[in-house]
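Take a look at the letters that make up each chain.
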Amino acid sequence: MALDGFGTRLRIARNEKGFTQKQLANKLGVTEQAISKYERGICFPDIEILDNIPQILKCSLDYLFQFEKEKRVSFDQNNIEYRNQMKTWINPDIISLSFGKGLVDLFLQEKEKDFPHVISIRKQISLQWGIMIPLIRIMDNLNLSEMEYEIKIHGIGVGGIKNINISDPEKTLGEIFHNLKEKLLEHIHLIVNNQIIFDMIEIIREEYPAVVDQVVPEKISYSLLRDVIIELLRVQKCTAYPGILIIQILERYENSGKSYEELAEIVRKDLGEKYLLENWAK
């Protein structure tokens, strides 16, 4: 058997289903510590446990043991092309920036430099807002006018400009991506989902396990944390960068019955003026 990497692939499959180790353990009828050992490669599930994993995580044993590297799901995959099309229909890009043919050369220059503006804006958002955003898909669109670009979130247009002046290419790109950043903050409630929150928490957990373990999602759900963070950014105009502090503040009010709006206001007051977006620079 190709046991090397079994634990890593099990963890990936579990994360893709949005299960915590505890939730998967409950479904399999084992302890949370057992799941942790499986994923760290310390031991492997017995045959009865192993038989139940594909049904719960919707992944094949071939994938877990890497007999077939690309075979991830356990249902019929005869029409792979059709399934890939279905994914794009059901799950459009969360964030996309499309442009007319008159702007192709401008964005080719960006691509040749390995997308410095894209990298910069994602880094700024991470450091200034305290969240991670999905990849930004950049593409041409012949349905747009030549000098037009359009910003879409989940396939719906939220902004753009029809008549771009590119006399100064670097300045033009800077203005386009500045506009994109403004639209992302304006529509942050459509961008941040529970998977993004989960990924953020896992990063914090690696550094501060004593703070996060048994708190998220046991006491503070991913949905509540998502709602509070969005409220902090959109309404309270406060960064969510100090994630560990936010978790500690929310834990104190876990049984208070307060709404996420009230909790976000409490967090903002506890953090103080220096964490307001206008004062926060990283």
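Residues numbered from 1 in each chain as written. Predicted model: local features only at pLDDT ≥ 70, side-chain atom pairs only at ≥ 80, totals over all residues. Heavy atoms only, no water.

**Here we look at the overall build of the chain**
Okay, so step 1: Helix and strand content of the chain: 15 helices and four strands.
Okay, so step 2: The buried share of the chain, reckoned over its 282 residues, is 40%.
Okay, so step 3: When the accessible surface of the chain is summed, it comes to about 16,000 Å², and 49% of that surface belongs to carbon and sulfur atoms. (Helix = DSSP H or I, 4+ residues; strand = E, 2+ residues; numbered from the N terminus. Buried < 20%, exposed > 50% of the residue type's maximum accessible area, 1.4 Å probe, protein only. Areas by Shrake-Rupley, 256 points an atom, 1.4 Å probe, with all protein chains shown as cover.)

**A word on empty space enclosed by the protein**
Okay, so step 1: Counted under the stated rule, the structure contains one cavity of 30 Å³ or more.
Okay, so step 2: Considered as a void within the structure, the largest cavity measures approximately 40 Å³ in volume.
Okay, so step 3: Elements that contribute at least two residues to the lining of the largest cavity include exactly helix H11 (194-207), helix H13 (222-234) and helix H14 (243-251).
Okay, so step 4: Residues of the lining of the largest cavity, tallied by class, amount to seven nonpolar, one polar and no charged. (1 Å grid on protein atoms, 1.4 Å probe; cavity = no way out; pocket = protein on both sides within 12 Å on 5 of 7 lines; lining within 4 Å. Points joined across faces, edges and corners; volume = space filled by probe spheres on them. Nonpolar A, V, L, I, M, F, W, Y, C, P; charged D, E, K, R; others polar.)

**As for the pattern of salt bridges**
Pairing of side chains with opposite charge becomes possible as their charged atoms draw close.
Okay, so step 1: Scanning all chains against the criterion turns up eleven salt bridges.
Okay, so step 2: We note a salt bridge from Lys-101 to Glu-146, for which the minimum N-O separation is 4.0 Å. Pair noted here: Lys-101 is in the loop between strand E1 (95-99) and helix H7 (104-112) and Glu-146 is in the loop between strand E2 (136-140) and strand E3 (149-153), with a separation of 45 residues, a long-range link.
Okay, so step 3: The exposure class assigned to Lys-101 is exposed, which follows from its relative accessible area of 53%.
Okay, so step 4: The class of Glu-146 is partly exposed, set by a relative accessible area of 45%.
Okay, so step 5: Salt-bridge contacts for Arg-252 lead to Asp-270; the nearest nitrogen and oxygen are separated by 2.5 Å. (Salt bridge = Lys/Arg side-chain N within 4 Å of Asp/Glu carboxyl O.)

**Notes on the packing of aromatic side chains**
Okay, so step 1: What the rule picks out here adds up to five aromatic pairs.
Okay, so step 2: Here the aromatic rings of Phe-198 and Tyr-222 are separated by 5.6 Å at their centres, their planes lie at 70 degrees, and the arrangement is edge-to-face. With Phe-198 in helix H11 and Tyr-222 in helix H13, this residue pair connects regions lying 24 residues apart in the sequence. Residues Phe-198 and Tyr-222 agree in their burial class; the two are buried.
Okay, so step 3: Following the ring pairs from residue to residue traces out a cluster consisting of Tyr-241, Tyr-275 and Trp-280. (Phe/Tyr/Trp six-rings, centres within 6.5 Å; stacked < 30°, edge-to-face > 60°.)

**Notes on the side chain of His-117**
Okay, so step 1: Relative to the helices and strands, His-117 is located in helix H8 (residues 116-129).
Okay, so step 2: Residue class for His-117 comes out buried when judged on its relative accessible area of 15%.
Okay, so step 3: A polar atom in the side chain of His-117 sits 2.7 Å from the side chain of Glu-110.
Okay, so step 4: Within the local environment of His-117, its side chain forms a polar contact with the side chain of Glu-170, the two groups lying 3.2 Å apart.
Okay, so step 5: Not counting chain neighbours up to four residues away, the residues in contact with His-117 comprise Glu-110, Glu-170, Leu-173, Gly-174 and Phe-177. (Polar contact = N/O pair within 3.5 Å; in protein donor to acceptor, adjacent residues only side chain to side chain. Contact = heavy atoms within 4.5 Å.)

**As for H13**
Okay, so step 1: Here H13 contains 13 residues, and its C-alpha end-to-end distance of 18 Å stays within 8% of the 18 Å for a straight helix at 1.5 Å per residue.
Okay, so step 2: Looking only at H13, the buried set comprises Tyr-222, Leu-225, Val-228, Ile-229, Ile-230, Glu-231, Leu-232 and Leu-233.
Okay, so step 3: On the buried face of H13, the contacting elements are H8, helix H9 (169-186), helix H10 (188-191), H11, H14 and helix H15 (260-271). (Expected span 1.5 Å × (residues − 1).)

**A short note on the sheet that holds strand E4 (residues 156-161)**
Okay, so step 1: Here we have four strands laid out as an open sheet, ordered E2-E1-E3-E4, and mixed in their pairing. A strand with exactly one partner marks an edge of an open sheet, and here the two such strands are E2 and E4. Averaged over all adjacent pairs, the angle separating strand axes in this sheet is 20 degrees, with direction ignored.
Okay, so step 2: Relative to E4, E3 runs antiparallel, the two sharing five bridges. Note on E4: the bridge partner recorded for Tyr-149 is Ile-161.
Okay, so step 3: Packed on one face of the sheet, H9 meets E1, E2, E3 and E4 and runs near 25 degrees to E3. (Pairing = 2+ DSSP bridges. Axes fitted to C-alpha atoms, helices over the stretch in contact; angles between N-to-C directions.)

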